[in-house]
Amino acid sequence: MRTSSYPAETPGQSAADRAYRLTKELVLSGELPGGHLFSETEIAGRLGLSRTPVREAFVRLQAEELLTLVPKRGAIVAPVPPGEAEDVLDAREAVETAAVRRLLRTPERVPAAVDRLRDALEVQRGYAEAGDIDAFAEADELFHRTLVAAGGNALLIRFYTGLADRQRRMNVAALGPVPDLIPVVLRQHDELVAIIESGDQSAFTTALRAHLDGTHRR
């Protein structure tokens, strides 16, 4: 896991935005696990802020279903709801398969898409070599989002982007306890790219399902 839990500060960023970004990073990275109770004072202390902007950040994160506010005590990290992981996997399989099917209908676009996927895969490899599971999990989501973007369907891209936070939490939960999965994931990503390059839609559908099953449905 990355030792820096402080997202890079953006010039002109408000105190509430800083508190929001830090708290969200702690949740998505798994540093604050599901069911964990923590206070506004803890976050305020990390950032040198008053509790007021932290409270605003907590309200935003509750609206995103990442926190549950507890009056006079702080907030509890919302566990992943039962059944949500399976819903996310079904949605991912449908969207990624549709994206590749559309991409392969225009073979002239495939080489550029393959190049972008290989670039994303190299980023993942770098994090794997560094032993940074959280960054690897984030890069995993980026690899699959790059795959969806290659399909060129703006509606599917927007929908898929909305799954990013859930995907990252699932990736951390799946890979953190079993780091031996990381080289398997890399190999399977390599295979997915090679299949796209070959133009075999049926093989991609089969390989994607095996990849999702092996990572998340063990």
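Residues numbered from 1 in each chain as written. Predicted model: local features only at pLDDT ≥ 70, side-chain atom pairs only at ≥ 80, totals over all residues. Heavy atoms only, no water.

As recorded in an unreviewed UniProt entry, the chain goes by the name GntR family transcriptional regulator, listed as coming from Nocardia rhamnosiphila.

1. Remarks on the sheet that holds strand β3 (residues 74–77)
Pairing in this open sheet of 3 strands is antiparallel, and the strands run β1-β3-β2 from one edge to the other. Among the strands making up the open sheet, the edge pair consists of β1 (37–38) and β2 (67–70). Examined bridge by bridge, β2 and β3 share 4 bridges and lie antiparallel to one another. Paired with L67 across the strands is V77, a residue of β3. (Pairing = 2+ DSSP bridges. Helix = DSSP H or I, 4+ residues; strand = E, 2+ residues; numbered from the N terminus.)

2. A few points about helix α2 (residues 40–47)
Every buried residue belonging to α2 is among E40, I43, A44 and L47, and all of these are buried. End-on view of α2: buried residues confined to an arc of 100 degrees, all on one side of the axis. Buried residues along α2 sit against α1 (15–28), β1 and α3 (51–63). With its phi angle positive at about 70 degrees, G48 sits one or two positions after the end of α2. (Buried < 20%, exposed > 50% of the residue type's maximum accessible area, 1.4 Å probe, protein only. Arc of directions from axis to C-beta. Contact = heavy atoms within 4.5 Å.)

3. Quick notes on the packing of aromatic side chains
The final tally for this structure, using the stated rule, is 1 aromatic pair. Ring centres of F38 and F58 lie 5.2 Å apart, and the angle between their planes is 65 degrees; this geometry places the pair in the edge-to-face category. Linking F38 in strand β1 with F58 in helix α3, this pair joins segments that are 20 residues apart in sequence. Of the residues examined, F38 reaches a relative accessible area of 1% and is grouped as buried. Over the face of the ring belonging to Y20 we find R60, whose NZ or CZ atom lies 3.7 Å from the ring centre. (Phe/Tyr/Trp six-rings, centres within 6.5 Å; stacked < 30°, edge-to-face > 60°. Lys NZ or Arg CZ within 6 Å of the ring centre and 35° of its normal.)

4. Focus on the pairing of β3
Pairing geometry for β1 and β3, over 2 bridges, is antiparallel. Considered in β3, the bridge of L37 is made with I76. Counted between consecutive antiparallel strands, the loop separating β2 from β3 contains 3 residues, among which K72 sits at a positive phi close to 65 degrees.

5. Looking at the packing of helix α5 (residues 110–130) against helix α6 (residues 133–151)
Orientation of α5 relative to α6, taken along the N-to-C sense of each, is 175 degrees, at an axis distance of 9 Å. As the angle between them shows, α5 and α6 are arranged roughly antiparallel. Facing α5, whose interface residues are A113, R116, L117, A120, L121, V123, Q124, Y127 and A128, α6 presents A135, F136, A139, D140, F143, T146, L147 and A150. Counted by class, the contact of α5 with α6 contains 13 nonpolar, 2 polar and 2 charged residues. (Axes fitted to C-alpha atoms, helices over the stretch in contact; angles between N-to-C directions. Parallel < 35°, antiparallel > 145°, perpendicular 65-115°, else oblique. Nonpolar A, V, L, I, M, F, W, Y, C, P; charged D, E, K, R; others polar.)

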